[in-house]
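Residue-level structural notes
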Amino acid sequence: MFKKILIANRGEIALRIIRACKEMNIKTVAVHSTADADSLHVRFADESVCIGPPKSADSYLNVPSIISAAEITDAEAIHPGYGFLAENSSFAEICGSTGIRFIGPSPESIKLMGDKAKARETAKKAGVPVLPGSDGIVTEESSALEIARELGFPVIVKAAAGGGGKGMRVVMDEVEFANAFVMAQTEALAAFSNADVYIEKYILQPRHIEIQLMADEKGNAVYLGERECSIQRRHQKLIEEAPSVIVDERLRKEMGEMAVAIAKTVKYRNAGTIEFLMDEDKKYYFMEMNTRIQVEHPVTEMVTGLDLVKEQIRVAFGMPLSFTQDQIKITGHSIECRINAEDPEKFTPSPGTLTTFNPPGGLGVRVETAAYNRYVIPPYYDSMIAKLIVHAATRDEAIMRMQRALDEFIIEGVKTTIPMHKKILSDPDFQKGNISTKFMERYSNPAK
Ligand code: MV4
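Here we summarise the structure given alongside this text. (Residues numbered from 1 in each chain as written. Predicted model: local features only at pLDDT ≥ 70, side-chain atom pairs only at ≥ 80, totals over all residues. Heavy atoms only, no water.)

**Comments concerning the layout of surface pockets**
Counted only if it meets this: Of the two site types, the cavity is a set of points on a 1 Å grid over the protein atoms alone where a 1.4 Å probe fits but cannot get out, and the pocket is an open set with protein on both sides within 12 Å along at least five of seven lines, each lined by residues with an atom within 4 Å of a point. Grid points are joined across faces, edges and corners, and a volume is the space filled by probe spheres set on the points. Comment: elements are numbered from the N terminus, with helices defined as DSSP H or I runs of at least four residues and strands as E runs of at least two. The classification used treats Ala, Val, Leu, Ile, Met, Phe, Trp, Tyr, Cys and Pro as nonpolar, Asp, Glu, Lys and Arg as charged, and all other residues, Gly among them, as polar.
Taken as a whole, the second largest pocket spans an internal volume of roughly 280 Å³. Forming the boundary of the second largest pocket are 15 residues, of which Gln205, Glu280, Asn434, Ile435 and Ser436 lie nearest the centre. It is helix H15 (residues 439-444) that contributes the most residues to the lining of the second largest pocket, 3 residues altogether. Broken down by class, the residue content of the lining of the second largest pocket amounts to 4 nonpolar, 3 polar and 8 charged.

**As for the environment of Asp36**
The criterion, for reference: Residue contacts follow a heavy-atom distance rule, with two residues in contact if any of their heavy atoms lie within 4.5 Å.
Examined against the element boundaries, Asp36 turns out to sit in the loop between strand E2 (27-33) and helix H2 (40-44). Residues Asp36 and Thr437, 401 residues apart in the sequence, show an inter-C-alpha distance of 35 Å. Apart from the residues within four sequence positions on either side, Asp36 is in contact with Arg10, His41, Val42, Tyr60, Pro378 and Tyr381.

**Digging into a nonpolar patch on the surface**
We apply this condition: Patch members must show over 30% relative accessible area and no salt bridge, and they are joined within 9 Å when carrying like charges or within 5 Å when they are nonpolar side chains of Val, Leu, Ile, Met, Phe, Trp or Tyr. Per-residue accessibility takes into account occlusion by the displayed protein chains alone, with areas from the Shrake-Rupley method and a 1.4 Å probe. Should a side-chain nitrogen of Lys or Arg be within 4 Å of a carboxyl oxygen of Asp or Glu, the pair is scored as a salt bridge. Only protein chains enter the accessibility calculation, which uses a 1.4 Å probe; a residue whose area is less than 20% of its type maximum is buried, one above 50% is exposed, and one in between is partly exposed.
On the surface, Met1, Phe317 and Met319 cluster together into a nonpolar patch covering about 240 Å² of accessible area. With respect to the secondary-structure elements, Met1 resides in the segment before strand E1 (4-7). What makes Met1 partly exposed here is its relative accessible area of 35%.

**Observations regarding the sheet that holds E1**
As a reminder, the rule being used: One bridge is not enough; two strands pair if DSSP finds at least two bridges between them. Here, axes are lines fitted to C-alpha atoms. For helices the fit covers the stretch in contact, and angles between N-to-C directions go from 0 to 180 degrees.
Strand order in this open sheet of 5 strands is E3-E2-E1-E4-E5, and the pairing throughout is parallel. Two strands bound the open sheet, and with one partner strand each, they are strand E3 (47-52) and strand E5 (101-102). Two elements, strand E4 (residues 77-79) and E5, share 2 bridges in a ladder whose sense is parallel. Looking at E5, one finds that Ile78 is bridged to Phe102. Here helix H3 (residues 63-73) sits on the sheet in contact with E1, E2, E3 and E4, set at roughly 155 degrees to E3.

**Quick notes on the side chain of Arg120**
Mapped onto the elements, Arg120 comes out in helix H6 (residues 116-125). Apart from residues no more than four positions distant in its own chain, Arg120 is found in contact with Val130, Leu131, Pro132, Gly133, Ser134, Tyr198, Glu200 and Phe286.

**Quick word on the side chain of Glu336**
Looking at where Glu336 falls in the secondary structure, it is placed in strand E14 (residues 333-340). Residues in contact with Glu336, not counting those within four places in the same chain, are Leu238, Ile239, Glu240, Val295, Glu296, Pro298, Val299, Lys387, Leu388, Ile389 and Met402.

**So, helix H1 (residues 11-23)**
Owing to its 3.6 residues per turn, the α-helix aligns residues three or four sequence positions apart on the same side. Operational definition: Here, expected helix span is obtained from the residue count minus one, scaled by 1.5 Å.
Relative to the 18 Å expected for 13 residues at 1.5 Å per residue, H1 spans 19 Å between its end C-alpha atoms, a close match to the ideal helical length. Restricting attention to buried positions, one finds in H1 the residues Gly11, Glu12, Ile13, Ala14, Leu15, Arg16, Ile17, Ile18, Ala20 and Cys21. A positive phi of about 65 degrees marks Asn25, the residue just after H1.

**Description of the site of the ligand**
The test is simple: In this text, near means that some heavy atom of the residue lies within 4 Å of the molecule or strand in question. In the analysis that follows, any N or O atom pair within 3.5 Å is treated as a polar contact, provided that within protein one partner can donate a hydrogen and the other can accept it, and provided that, for residues neighboring in sequence, both atoms belong to side chains.
Of all residues adjacent to the ligand, which total 17 residues, the nearest are Lys158, Glu200, Lys201, Ile203 and Glu288. Between a nitrogen atom of the ligand and a main-chain N or O atom of Ile203, the distance comes to 3.0 Å. For the ligand, a nitrogen atom lies 2.6 Å from a polar atom in the side chain of Glu288. Notes on the ligand: free accessible area 530 Å², of which the protein chains cover 92%. Contributions of two or more residues to the shell around the ligand are made by strand E6 (155-163), strand E8 (197-201) and strand E13 (284-290). Here the shell around the ligand is composed, by residue class, of 7 nonpolar, 6 polar and 4 charged.

**As for the state of the cysteines**
Cut-off, in case you're wondering: Only a pair of cysteine sulfur atoms within 2.5 Å qualifies as a disulfide here.
By the definition in use, this model includes 0 disulfides. The thiol sulfur of Cys21 is not disulfide-bonded, and the nearest other cysteine sulfur, from Cys95, lies at 15 Å. We note that Cys229 lacks a disulfide partner, and the nearest cysteine sulfur, in Cys337, lies 13 Å from it.

**Describing the sheet that holds strand E12 (residues 270-278)**
Taken together, the 8 strands give an open sheet; going across it, the order is E13-E12-E9-E10-E11-E14-E19-E17, and neighbouring strands pair in antiparallel fashion. Strand pairing shows two members of the sheet lacking a second neighbour, E13 and strand E17 (365-369), which therefore form its edges. Neighbour to neighbour, the strand axes of the sheet diverge by 25 degrees on average, direction disregarded.

**Quick look at empty space enclosed by the protein**
Stated precisely, the cut-off is as follows: Boundaries of every domain are those given by an automatic assignment or by a domain database.
Applying the stated criterion to the full structure yields 2 cavities of 30 Å³ or more. Taken as a whole, the largest cavity encloses approximately 70 Å³ of empty space. In terms of lining, the largest cavity is formed by Ala341, Pro349, Ser350, Pro351, Ile377, Pro378, Pro379, Tyr381, Asp382 and Ser383. Split into classes, the residues belonging to the lining of the largest cavity amount to 7 nonpolar, 2 polar and 1 charged. The wall of the second largest cavity is formed by His79, Pro80, Gly81, Ala86, Phe102, Ile103, Gly104, Pro105, Thr291, Arg292, Ile293 and Gln312. Residues belonging to the lining of the second largest cavity are distributed by class as follows: 6 nonpolar, 5 polar and 1 charged. No fewer than three residues from each of domain 1 (4-103) and domain 3 (207-444) sit in the lining of the second largest cavity.

**Some details on unusual backbone geometry**
Residue Pro154 is reached from Phe153 by a cis peptide bond, and omega for that bond is 0 degrees. Counting through the fold element by element, Pro154 comes out in the loop between helix H7 (141-151) and E6. Omega for the peptide link from Ala242 to Pro243 comes to -5 degrees, which places this bond in the cis form. Of note, Pro243 is situated in the loop between strand E11 (236-242) and helix H9 (249-265). The residue Lys267 is not glycine, and still its phi comes out positive at about 50 degrees. Examined against the element boundaries, Lys267 turns out to sit in the loop between H9 and E12. Residue class for Lys267 comes out exposed when judged on its relative accessible area of 74%. In this structure, Lys282 takes a positive phi of about 65 degrees despite not being glycine. Take Lys282: it is sitting in the loop between E12 and E13.

Here's what the structure looks like:
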């Protein structure tokens, strides 16, 4: 096994990875910006290296500094966590060429799935349903309009280099099309230096359901069930759960096998997620693949009893998967609330000092955080300060447990999303499982 791993991240995910390493007897190297010198990930790692000033571009995204840090500490592998360099194919390639194992998929897989138009073609080739849409990218406005007419409105124009909601334009009718198409191209060029866009039929009230995958270098790939991630706002997920109320045993197997087919088609390795959109008739369509460990991975861990980060490290070392498909059983129900330090009305970040930080506990409660009493939230990074995860026998019990845990979670000094989570958890539609990606819109606008 690896003797030493460098963690190219900060916050709760850096701690999560350090914990997995400790339990595997692997030494850890933390990297940090000057703003994070007093962070728990620095404190709990065996060694630490300061890699630059506060701004992410100068520190957590500073590839030469991170590679140098790995070289001077003799780290054999780098775990990128999520965000920052996790889906940067050049970084994965540089790791490889400097003899450092990147704990994740190959640079080729990252690059392929980073191009959402190519990812769509790959899914199609694997026999996975995709939404009716263009064959690859469309450059000419006239042919784009022709395709949109054939699909029938509404349609959505998406940036090939986008994902996660950036560079998308929904077009409700023909009158808006030409303008929206050019706007999408212009936005894509500005945001990603790549104007490529493609077109899909637009689903009005989809659910977002994703399948967790794990694959090794020997060609084994398994699915670990689904996560329901429909409760989101401005393309930021707020609550995730496993399993989804809408997915039964048969559908889980079918979607799982579809996800595995994509993994096998591209010889995928390590952790990955296939995102699907599901319509009101429970028809599902491939949307994107995420080539990283995700924020919401704990809900899958809670219902499978598996440690996904340890498994990532094992397969990156070249070991085979430690479980087979028929050993994976979904037990009970898990919910995660992302606790952000932000003004819940204005959606603006709320940095500052946590004058009180009292996380909940008790049976079936898990808190993933790097915050502590008197911790100062720096203004440079994202606003998530904790993930609160519960596990219980049933969804109803998990909801009750989450409500109890949210009541115990006392954070003072900054505004947080805890009150918003309490409202969602007590919403009759949420409790019935009657949710879609439009839930938060209807929620903040009772007229809908
Ligand atoms: C869609 C869609 C409806 N129809 N594509 C948003 C993020 C990006 N990954 C793709 N997204 C969507 N693509 C078609 N053909 C609706 C969304 C969408 C969405 C998807 C998942 C979760 C939240 C969402 C919020 C708004 C729009």
